[in-house]
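The primary structure of each chain is shown beneath.
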Amino acid sequence: MTTSDTPSPASTKARGLLLGAAVGDALGAPFEGRHSVDGAQLVRQERSAEALRYTDDTALTLVLARHLAERRGMVAVDEDTLAGQLAREWRREPWRGYGAGSREVFERVLAGTPWAEASKVSFAGHGSYGNGAAMRVAPIALVSAGPTHAAELARKSAVVTHAHRHGQEGAALQACAAFLALSSDPASPLNREAFLGRLGHTIEHTEWQSRLDQVRRLIGTSSPTFAASQLGNDATAVASVPLAVLAFLQYPDRPAEAIRYAIRAGGDTDTIASMAGALTAARTGAQAIPPEWLARLESASDIGDLADTLATRTPSSR
Ligand code: R7I
Ligand code: MG
Ligand code: MG
């Protein structure tokens, strides 16, 4: 906050990024795993007076955000420290709906196995290509000097749990997208073509390039369920991060609509809505998130304070 208590633009955007992630996660959580979600079900969830509880997506996003906030003046991501912090968060609140592969990694890390070994044990020894590294990565954008740097830091933060290349590339794509969203000017229309071009330039893997081409073709009229049928909507990185990017590109100036689009697509609703919410509200700022959602969100005030701390952090050079 500034001295006059008016949030600075950087604070408003940082708050948007973290609160957008948390509120998307919490709104999407009850629908995780559904084939699709109809409008009436979503309206009931939106109008309920119940508290919005977040899941593992936000719990680990906050761990990474605190990790970055603590490391002012140091290398932005320290893998050994981060692996322990993530694992301890799982042990503190294991009921938040963690993926099986991540649970296995955390158990081993807490038992003393180095993360480089622990992260390779699951899935027949090649490690996870789940979306667990992408779902937590958005705060990296707040300390990055540019989109390539965001992707590099994202891969460093991902490798401690996701040894498979696709798990890491998913995180790199989401972090790069978050950086671009955060640094875009909400007063001017988003240049979607330039946005996708920059993502494609940073994430070079051919599988991801073809997903970005599909996203480009789906922008416009495609319904959430059709988009999910083309891009996937499950808990793997390659079949979830592109759909979140599409939700953002459909509604870059309306976080609530981007979150609704992601949830209506079904599948991994908490995670895809969380990633879409982080991107959209990083561009617009937190004031564009419906205040009645934030009023119901668990720990919203603490999340906002953490965002303020990160907003004052200058980009890391490493
Ligand atoms: O990546 P991860 O932490 O999962 C995050 C998801 C989000 O939806 C959260 O909301 C939470 O519900 O979990 O956990 P992993 O178990 O490593 O990966 C997620 C899922 O991706 C796995 O449960 C598998 O279904 C799938 N998956 C794989 N399937 C086959 N082979 C990930 N890696 C593989 C693989 O190598
Ligand atoms: Mg979850
Ligand atoms: Mg999920």
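The structure presented is a predicted model; accordingly, all values stated were derived computationally and were not measured. (Residues numbered from 1 in each chain as written. Chains lettered and ligands numbered in written order. Predicted model: local features only at pLDDT ≥ 70, side-chain atom pairs only at ≥ 80, totals over all residues. Heavy atoms only, no water.)

Engineer: What should I look at first to understand the overall build of the protein in this one?
Structural biologist: Across its full length, the protein holds 17 helices and 0 strands. Here the C-alpha radius of gyration of the protein, 18 Å, is about what a compact globule of 318 residues would show, namely 20 Å. The principal-axis extents of the C-alpha atoms in the protein amount to approximately 50 × 45 × 40 Å. A buried classification covers 60% of the 318 residues belonging to the protein. Restricting to contacts in the protein with at least 6 residues of sequence separation, those with at least 24 account for 75%. (Helix = DSSP H or I, 4+ residues; strand = E, 2+ residues; numbered from the N terminus. Rg over C-alpha atoms; globule rule 2.2 N^0.38 Å. Buried < 20%, exposed > 50% of the residue type's maximum accessible area, 1.4 Å probe, protein only. Contact = heavy atoms within 4.5 Å.)

Engineer: Would you mind going over the pattern of salt bridges with me for this structure?
Structural biologist: All told, the structure shown has 15 salt bridges when counted by the stated rule. In this structure, Glu89 engages Arg92 in a salt bridge whose closest nitrogen and oxygen atoms are separated by 3.2 Å. Remark: Arg92 and Glu89 occur in helix α4 (residues 79–92); sequence separation between them is 3 residues, near one turn of the helix. Across the salt bridge formed by Arg165 and Glu169, the nearest N and O atoms sit 3.7 Å from each other. Note that Arg165 and Glu169 are positioned in helix α9 (residues 165–183) at a spacing of 4 residues, about one turn of the helix. We classify Arg165 as partly exposed; its relative accessible area is 46%. Residues joined in a network through salt bridges with shared partners are Arg53, Glu89, Arg92, Glu93, Arg96 and Glu298. (Salt bridge = Lys/Arg side-chain N within 4 Å of Asp/Glu carboxyl O.)

Engineer: Please explain the coordination of the magnesium ion (ligand 3) as it appears in this structure.
Structural biologist: Around a metal, the ideal angle is 109.5 degrees if four donors adopt a tetrahedral arrangement and 90 or 180 degrees if six donors adopt an octahedral arrangement. In the first shell of the magnesium ion (ligand 3), the protein supplies Glu32 (OE), Asp268 (OD), Asp270 (OD) and Thr271 (OG1), at 2.0 to 2.2 Å from the metal. Considering all 6 donor atoms around the magnesium ion (ligand 3), the spread of angles at the metal, 78 to 178°, places the coordination shape in the octahedral class. Distance-wise, the magnesium ion (ligand 2) is placed 3.6 Å from the magnesium ion (ligand 3), both being coordinated by Asp270. For the pair shown, Asp270 and Thr271 are each scored as buried. (Donors = N, O, S within 2.8 Å, 3.2 Å for Na, K, Ca; no water. Tetrahedral: all angles 85-135°; square planar, octahedral: opposite > 155°, others 65-115°.)

Engineer: Got a minute to help me understand the site of ligand 1 in this structure?
Structural biologist: Looking at ligand 1, there are 23 residues lining it, with Gly101, Ser102, His126, Ser128 and Asp268 nearest. Ala100 is positioned such that a nitrogen or oxygen atom in its backbone is 3.3 Å from an oxygen atom of ligand 1. A distance of 2.7 Å separates an oxygen atom of ligand 1 from a polar side-chain atom of His162. Here ligand 1 is seated within the largest pocket. Secondary-structure elements contributing two or more residues to the shell around ligand 1 are α3 (56–70), α5 (100–110), α7 (132–135) and α15 (269–284). Looking at the shell around ligand 1, the element that brings in the most residues is α5, giving 3 residues. The residue inventory of the shell around ligand 1, partitioned by class, reads 5 nonpolar, 13 polar and 5 charged. (Near = heavy atom within 4 Å. Polar contact = N/O pair within 3.5 Å; in protein donor to acceptor, adjacent residues only side chain to side chain. 1 Å grid on protein atoms, 1.4 Å probe; cavity = no way out; pocket = protein on both sides within 12 Å on 5 of 7 lines; lining within 4 Å. Sits in = over half its atoms within 2 Å of the grid points. Nonpolar A, V, L, I, M, F, W, Y, C, P; charged D, E, K, R; others polar.)

Engineer: Sorry if this is basic, but what is going on with the nonpolar core here?
Structural biologist: Proteins that are soluble and globular tend to have nonpolar side chains buried together. One finds Leu17, Ile140, Phe195, Leu199 and Leu297 to be the most contacted residues of the largest nonpolar core, which totals 107 residues. For this core, the leading source of residues is α9, giving 11 residues. Contact partners of Leu297, with chain neighbours within four places excluded, come to Leu19, Ala22, Val23, Ala26, Leu52 and Ile303. (Core = buried A, V, L, I, M, F, W, Y, C linked by side-chain atoms within 4.5 Å.)

Engineer: Explain unusual backbone geometry here, please?
Structural biologist: Across residues other than glycine, the phi torsion is negative in most instances, and most of the peptide bonds are trans. In the Ramachandran plot, Ala124 falls in the positive-phi region, its phi being about 55° despite a non-glycine side chain. Position of Ala124 relative to the elements: it lies in the loop between α6 (115–121) and α7.

Engineer: Please explain the packing of aromatic side chains as it appears in this structure.
Structural biologist: How two aromatic rings sit relative to each other is set out by the distance from centre to centre and by the angle between their planes. Summed over all chains, the structure comprises 4 aromatic pairs. Ring centres of Tyr98 and Phe106 lie 6.2 Å apart, and the angle between their planes is 85°; on these two criteria the pair is classed as edge-to-face. Residue Tyr98 is classed as buried on the basis of its relative accessible area of 5%. For Phe106, a relative accessible area of 1% gives the class buried. Ring-pair connections join several aromatic residues into one group, and the members of that group are Trp90, Tyr98 and Phe106. (Phe/Tyr/Trp six-rings, centres within 6.5 Å; stacked < 30°, edge-to-face > 60°.)

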